[in-house]
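Analysis of the macromolecular model
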Amino acid sequence: MKHFDDTDSLITVRDWLRFAVSRFTEAKLFFGHGSDNAFDEAAYLILHTLHLPLERLEPFLDASLVHGEAEEVQAVIERRVRERLPAAYLTHEAWLGEHRFYVDERVIVPRSFIAELLQDQLAPWVENPDAVTRALDLCTGSGCLAILAALAFPNAEIDAADLSRDALDVAARNVDDYALKERIELIESDLFAALKGRRYDVILSNPPYVNAESVAALPPEYQAEPALALGSGKDGLDATRQILAQAKSHLNPGGLLVVEIGHNRDVLEAAYPDLPFTWLDTEGGDQFMFMLRREDLAVRT
């Protein structure tokens, strides 16, 4: 590939950073899995590869790389360009706030807005976090939201359900990393199918919600993720409809349902005009998630 056979003059971190930004921009890469621009992604990949603090680029910019380090940095830059893989699949890590999770191609790269809500223990909708004793992360993927829920609600036992056995294997690794095996149960389930008789104070879900037209137009970085975790029927709401139809029977009185649906608000409200959705805002994005209580679901689903 152009330029990758002519890197002998690249000596310092600054040199390799400039080179990476140029190659990423030239290749018209898509960013959306932790960074939103070529510079930040290049800096992250280089710092990670060199085992340097991710938050401290400046002190190392003029440091020289030994030959082996330069080879490793070039390899990760070249893979990002040639294979169009999300950076998280190259480093096998993704971050939600200060929390790190292992990821690979078996799971979608964690980026849920629900993570921000859990930092505040779902306040003000959960008045007493210590009173939450049972919670469910539906479509858990890497297990990240289940883990964050366990940290947010210290007295809660968490069920983490997913249709994909491969995803649950990744989730198990993350649950082990956080030493939460005693509190998080991983369950292979097509939505609520394997959860009969289980009730929760809180149900969280970041289900597949991309509509068919958008799935067909996804850039290669998103196409590298499991298709099962992205598309959900023609309008993107097949999974959400099932959740709305079944969640009431799995919620305790006063229980909370929080679901992320991306840009599908208008379609969802048109389909359920009688449901009193509360749309949740975060710093990362506005009104991509709704909240309902168990009693709201009695209206019509």
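Refer to the structure printed above.
Scope of this entry: the structure provided in the associated data block. (Residues numbered from 1 in each chain as written. Predicted model: local features only at pLDDT ≥ 70, side-chain atom pairs only at ≥ 80, totals over all residues. Heavy atoms only, no water.)

The next subject is the packing of helix H1 (residues 13-26) against helix H2 (residues 38-49). With their axes 9 Å apart at the nearest point, H1 and H2 run at an angle of 130° to one another. As summarised for this structure, H1 and H2 are arranged oblique, according to the angle between their axes. Our pair here, H1 against H2, has a crossing hand that is right-handed. Two secondary-structure elements touch here, H1 through Val13, Trp16, Leu17, Ala20, Val21, Phe24 and Thr25 and H2 through Ala38, Phe39, Glu41, Ala42, Ala43, Leu45 and Ile46. (Axes fitted to C-alpha atoms, helices over the stretch in contact; angles between N-to-C directions. Helix = DSSP H or I, 4+ residues; strand = E, 2+ residues; numbered from the N terminus. Parallel < 35°, antiparallel > 145°, perpendicular 65-115°, else oblique. Left-handed = near helix turned anticlockwise from the far one by under 90°. Contact = heavy atoms within 4.5 Å.)

One pass over the structure, following the stated rule, counts 19 salt bridges. For Glu78, the salt bridge identified is with Arg82, shortest N-O distance 2.6 Å. Of this pair, Glu78 and Arg82 both sit in helix H3 (residues 67-83), 4 residues apart, which is roughly one turn of the helix. A residue is classified by how much of its surface remains accessible, and Glu78, at 18% relative accessible area, is buried. Measuring nitrogen to oxygen at the nearest pair gives 3.0 Å for the salt bridge that ties Arg80 to Glu221. Placement of Arg80 in helix H3 and of Glu221 in helix H9 (residues 220-223) is noted, with a sequence separation of 141 residues between them. In this pair, the class of Arg80 matches that of Glu221, namely buried. (Salt bridge = Lys/Arg side-chain N within 4 Å of Asp/Glu carboxyl O. Buried < 20%, exposed > 50% of the residue type's maximum accessible area, 1.4 Å probe, protein only.)

Turning our eyes to something else, we now look at the packing of H1 against H3. To describe two helices that pack against each other, one gives the angle between their axes and the distance between the axes. Look at H1 against H3: their axes get within 10 Å of each other, and the N-to-C directions meet at 15°. Taken together, the axes of H1 and H3 are roughly parallel relative to one another. Between H1 and H3 lies a crossing of right-handed hand. Counting all contacts with H1, which are made through Trp16, Phe19, Ala20, Arg23 and Phe24, the residues of H3 involved are Ala70, Val73, Gln74, Ile77, Arg80 and Val81. A breakdown of the residues in the contact of H1 with H3 according to their chemical character gives 8 nonpolar, 1 polar and 2 charged. (Nonpolar A, V, L, I, M, F, W, Y, C, P; charged D, E, K, R; others polar.)

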